[in-house]
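Each chain is listed here by its residues.
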Amino acid sequence: DFPAWITQNGLESMKGKLTEHGLTTPQNISTQSNFRALMSDAQFLSRNGHLIPKLFAAIDAISHYQSSMPAVKQRLIVYDEEEKAMNNIQKQINELSEIESKIETLHDQLSQSMQRIDQQRTTQIADAVNKTVATFAALLKQLNEIKTTFVNDLRALQTPRKSDDDGDDDDSKENEFQSSLNEYAQKNRETK
């Protein structure tokens, strides 16, 4: 029973190609020309190359089954070229598996690197915001101090001058105001 044999041996993915090459009975499977045509089918080898050892084991099981029956035994011969092709395919499958494993490792490393970069970027942005806020706070404090000084100096200037008789030195107030202006100009130059 071909469908049962396919299922029992895990060869479902080969069923179409086995049918296409007429390998649906124990007698046909043992035929060298049919099997040779299957082994030279590039599409079959590219899709099912990794299952060839299973196929041989299933064919061997048929051979054992047939040997218990009183029938003419036929022998499956795999030519050197076919064996080399199968070995080459298996080697390529193994190489592809190694490459796939390396790609998975690189993908994991890339994900980790991206996470680290995002964390660093977030930290750098937070630091820059904190520094900017601190700088503006210092500037505002300095401007408020200058403003307070100017307001006080302006108030002092707005008070009516008393005559020189009172002993108050009006020249010293003007000198204080001039010093405040000079101090403001100096601070302004330093902040630039």
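Values in this document were obtained by computation on a predicted structure and should not be read as measured data.

1. Brief notes about the overall build of the chain
Okay, step 1: In terms of helices and strands, the chain carries 8 helices and 0 strands.
Okay, step 2: Element order for the chain, N to C, with α for helix and β for strand: α-α-α-α-α-α-α-α.
Okay, step 3: A total of 192 residues make up the chain; the buried ones form 17% of that total.
Okay, step 4: Long-range contacts, defined here as pairs at least 24 residues apart, represent 57% of the contacts in the chain between residues at least 6 apart.
Okay, step 5: When the accessible surface of the chain is summed, it comes to about 14400 Å², and 53% of that surface belongs to carbon and sulfur atoms.

2. Thoughts on the confidence of the model for the chain
Okay, step 1: Summary statistics for the chain give a mean pLDDT of 79 and a share of 80% for residues scoring 70 or more.
Okay, step 2: No element of the chain has a lower mean pLDDT than helix H8 (residues 170–191), at 71, and none a higher one than helix H7 (residues 80–158), at 88.

3. Digging into H7
Okay, step 1: For H7, built from 79 residues, the straight-helix expectation of 117 Å at 1.5 Å per residue is met to within 8% by its first-to-last C-alpha distance of 114 Å.
Okay, step 2: Of all the residues in H7, the buried ones are Glu 82, Met 86, Ile 89, Ile 146 and Asp 153.

4. Thoughts on the pattern of salt bridges
Pairs may arise between side chains of opposite charge once their charged atoms sit close together.
Okay, step 1: For the structure on display, the rule yields 3 salt bridges.
Okay, step 2: Ionic pairing is found between Lys 17 and Glu 20, a salt bridge with its closest N-O pair at 3.3 Å. One end of the pair is Lys 17 and the other is Glu 20, both in helix H2 (residues 15–20) and 3 residues apart, which spans about a single turn.
Okay, step 3: Of the charged contacts, one joins Asp 41 and Lys 17 as a salt bridge, the two residues approaching to 3.1 Å between their closest N and O atoms. With Asp 41 in the loop between helix H4 (32–39) and helix H5 (42–48) and Lys 17 in helix H2, the pair connects residues that are 24 residues apart, well separated along the chain.

Cut-offs and rules
Along each chain, the written sequence defines residue order, and numbers are assigned to residues from 1. pLDDT decides what is reported in this predicted model: residues at 70 or higher carry local features, side-chain atom pairs at 80 or more are listed and counted, and totals for whole chains, interfaces and linings draw on all residues regardless. The side-chain quantities take in all heavy atoms of the structure and omit both hydrogens and water. Elements are defined by DSSP. Helices are runs of H or I of four residues or more, strands are runs of E of two residues or more, and each kind is numbered from the N terminus. Throughout, exposure labels follow a simple rule: accessible area from a 1.4 Å probe, protein chains only, divided by the maximum for the residue type, with under 20% read as buried, over 50% as exposed, and the rest as partly exposed. Contacts are assigned to residue pairs with any non-hydrogen atoms lying within 4.5 Å of each other. Computed by Shrake-Rupley with a 1.4 Å probe, the accessible areas treat only the displayed protein chains as cover when residues are assessed. Confidence per residue, as judged by the predictor, is encoded in pLDDT with a range of 0 to 100. A helix is expected to span 1.5 Å multiplied by its residue count minus one. Each salt bridge in this description consists of a side-chain nitrogen of Lys or Arg and a carboxyl oxygen of Asp or Glu lying within 4 Å of one another.

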